[in-house]
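Close look at the chain arrangement
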Amino acid sequence: MGTKGREIVGVNIKELLALMNKAYADEWLAYYQYWVGAKVAVGRMRGIIAKELEQHAEEEHKHAGMLVERMIQLGGTPILKPEDWMKETNCGYDVPSDPDTKKLLAQNIKGEQCAITTYKKLLDFVKGKDDLTEKIVLEILADEVEHEEDLQAMLDDMKAPVK
Ligand code: FE
Ligand code: FE
Ligand code: MG
């Protein structure tokens with residue numbers, strides 16, 4: 001770990017790393033929830049929705065990569081055991097046991113809303129104190145807001161009366 005790079009961080013790094021690892025657990029669980037949801041999806045607009053879920057899965061995977069890179073820069077260790085994802089997660093894992101597209105959308109919207117809350121808290125924690133983490137967190141937060149918006153728009157479309 002670069003000494004100077006660490007010196008400019010104005011928050012308790014241990015505390016920050018704990019928060020980042022929790023978000024990291026969320027990302028892997030979100031990744032899998034989207035990825036497997038896209039596979040099992042059935043019902044209205046299945047093709048379009050599965051595609052969107054797949055794209056979101058990829059983006060959650062990218063977020064995990066962004067977090068891990070910064071955690072390592074900060075001298076941290078990412079969660080190494082998948083079973084710890086469930087212990088550390090903020091947002092949990094919503095089992096897509098009902099593969100109906102509307103249900104999947106509703107579950108994933110809930111997940112995105114939790115992610116938005118998580119990253120907003122993380123952003124407030126580092127704001128003005130750790131510029132590099134702030135930049136990463138802001139970028140992820142923007143993606144999560146877009147994710148919620150995309151899913152909500154699809155669910156609204158499905159609920160609109162057929163003309
Ligand atoms: Fe994410
Ligand atoms: Fe997301
Ligand atoms: Mg999208």
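Our subject in this report is the structure included herewith. All figures in this text were calculated on a predicted structure; none of them were measured in a lab. (Residues numbered from 1 in each chain as written. Chains lettered and ligands numbered in written order. Predicted model: local features only at pLDDT ≥ 70, side-chain atom pairs only at ≥ 80, totals over all residues. Heavy atoms only, no water.)

Some words on the environment of P78
The criterion, for reference: Each helix is a run of H or I in the DSSP string that is no shorter than four residues. Each strand is a run of E no shorter than two, and both are numbered from the N terminus. Burial status follows relative accessibility: with a 1.4 Å probe on protein chains alone, a residue under 20% of its type maximum counts as buried, one over 50% as exposed, and anything between as partly exposed.
By secondary structure assignment, the location of P78 is in the loop between α3 (46-73) and α4 (82-88). Overall, the relative accessible area of 15% leaves P78 in the buried class.

Description of the coordination of the iron ion (ligand 2)
Note the following rule: In this listing, donors mean N, O and S atoms no farther than 2.8 Å from the metal, or 3.2 Å for Na, K and Ca; water is missing from the atoms, so a site can look incomplete.
Here the iron ion (ligand 2) is held by E60 (OE), E112 (OE), E112 (OE), E144 (OE) and H147 (ND1), and the distances to it run 2.0 to 2.4 Å. Read in sequence order, the donor residues for the iron ion (ligand 2) give the motif E-x51-E-x31-E-x2-H. Here the iron ion (ligand 2) and the iron ion (ligand 1) are spaced 3.9 Å apart, linked through E60, which binds each one. Highlighted residues: E60 in helix α3 and E112 in helix α5 (residues 101-126), separated in sequence by 52 residues. Accessibility expressed as a relative area gives 1% for E60, which makes it buried.

Some thoughts on the coordination of the magnesium ion (ligand 3)
Each protein donor to the magnesium ion (ligand 3) is listed here as E52 (OE), H56 (NE2) and D150 (OD); together their distances run 2.0 to 2.4 Å. Within one chain, the residues donating to the magnesium ion (ligand 3) are spaced in sequence as E-x3-H-x93-D. One end of the pair, E52, and the other, H56, are both in helix α3, four residues apart, so they sit about a helical turn from each other. Classification of E52 as buried rests on a relative accessible area of 16%. Judged by relative accessible area, H56 falls into the buried class, the value being 0%.

Comments concerning unusual backbone geometry
For M45, which is not glycine, the phi torsion reads 55° and is therefore positive. Mapped onto the secondary structure, M45 falls in the loop between α2 (13-40) and α3.

A closer look at the packing of α3 against helix α6 (residues 131-159)
The line we're drawing: To define axes, lines are fitted to C-alpha atoms, for helices over the stretch in contact only, and angles between the resulting N-to-C directions are given on a 0 to 180 degree scale. Should an angle fall under 35 degrees it is called roughly parallel, over 145 degrees roughly antiparallel, and 65 to 115 degrees roughly perpendicular, with every other angle called oblique. For any helix crossing, the convention is left-handed if the near helix is rotated counterclockwise from the far helix by under a right angle, and right-handed if that rotation is clockwise. Note on contacts: a residue pair qualifies if any of its non-hydrogen atoms lie within 4.5 Å across the two residues. Amino acid classes used here: Ala, Val, Leu, Ile, Met, Phe, Trp, Tyr, Cys and Pro are nonpolar; Asp, Glu, Lys and Arg are charged; the rest, including Gly, are polar.
With their axes 11 Å apart at the nearest point, α3 and α6 run at an angle of 170° to one another. Taken together, the axes of α3 and α6 are roughly antiparallel relative to one another. Here α3 and α6 pass one another in a crossing that is left-handed. On α6, the residues that touch I48, I49, E52, L53, H56, E59, E60, K62, H63, M66, L67 and R70 of α3 are L132, T133, I136, E139, I140, D143, E144, H147, D150, L151, M154 and M158. Across the contact of α3 with α6, the residue classes break down as eleven nonpolar, four polar and nine charged.

Focus: a negative patch on the surface
Under the convention used in this document: Each patch is built from residues that are more than 30% exposed by relative accessible area and take part in no salt bridge. Like charges join if they lie within 9 Å; nonpolar side chains (Val, Leu, Ile, Met, Phe, Trp, Tyr) join within 5 Å. For accessible areas, the Shrake-Rupley method is used with a probe of radius 1.4 Å. Any residue's cover is judged against the shown protein chains and nothing else. In the sections that follow, a salt bridge refers to a side-chain nitrogen of Lys or Arg positioned within 4 Å of a carboxyl oxygen of Asp or Glu. Think of it this way: Lys and Arg go in the positive column, Asp and Glu in the negative one, and His and the chain ends go nowhere. Note on charges: their place is set at NZ of Lys, CZ of Arg, CG of Asp or CD of Glu.
There is a patch of like negative charges on the surface, built from E146, E149, D156 and D157. Structurally, D157 is set in helix α6.

Quick notes on the state of the cysteines
In protein structure, a disulfide is the covalent linkage between the sulfur atoms of two cysteines. Which entries qualify depends on this criterion: Two cysteine sulfurs form a disulfide in these notes if their separation is within 2.5 Å.
According to the stated counting rule, one finds one disulfide in the structure shown. A sulfur-sulfur distance of 2.1 Å marks the disulfide that ties C91 to C114. Where C91 bonds to C114 through sulfur, the torsion about that S-S bond is close to -85°, and the disulfide is left-handed. Of this pair, C91 sits in the loop between α4 and α5 while C114 is found in helix α5, placing the two residues 23 residues apart along the sequence. Residue C114 is classed as partly exposed on the basis of its relative accessible area of 22%.

Functional significance is not addressed by these values, which are geometric in nature.
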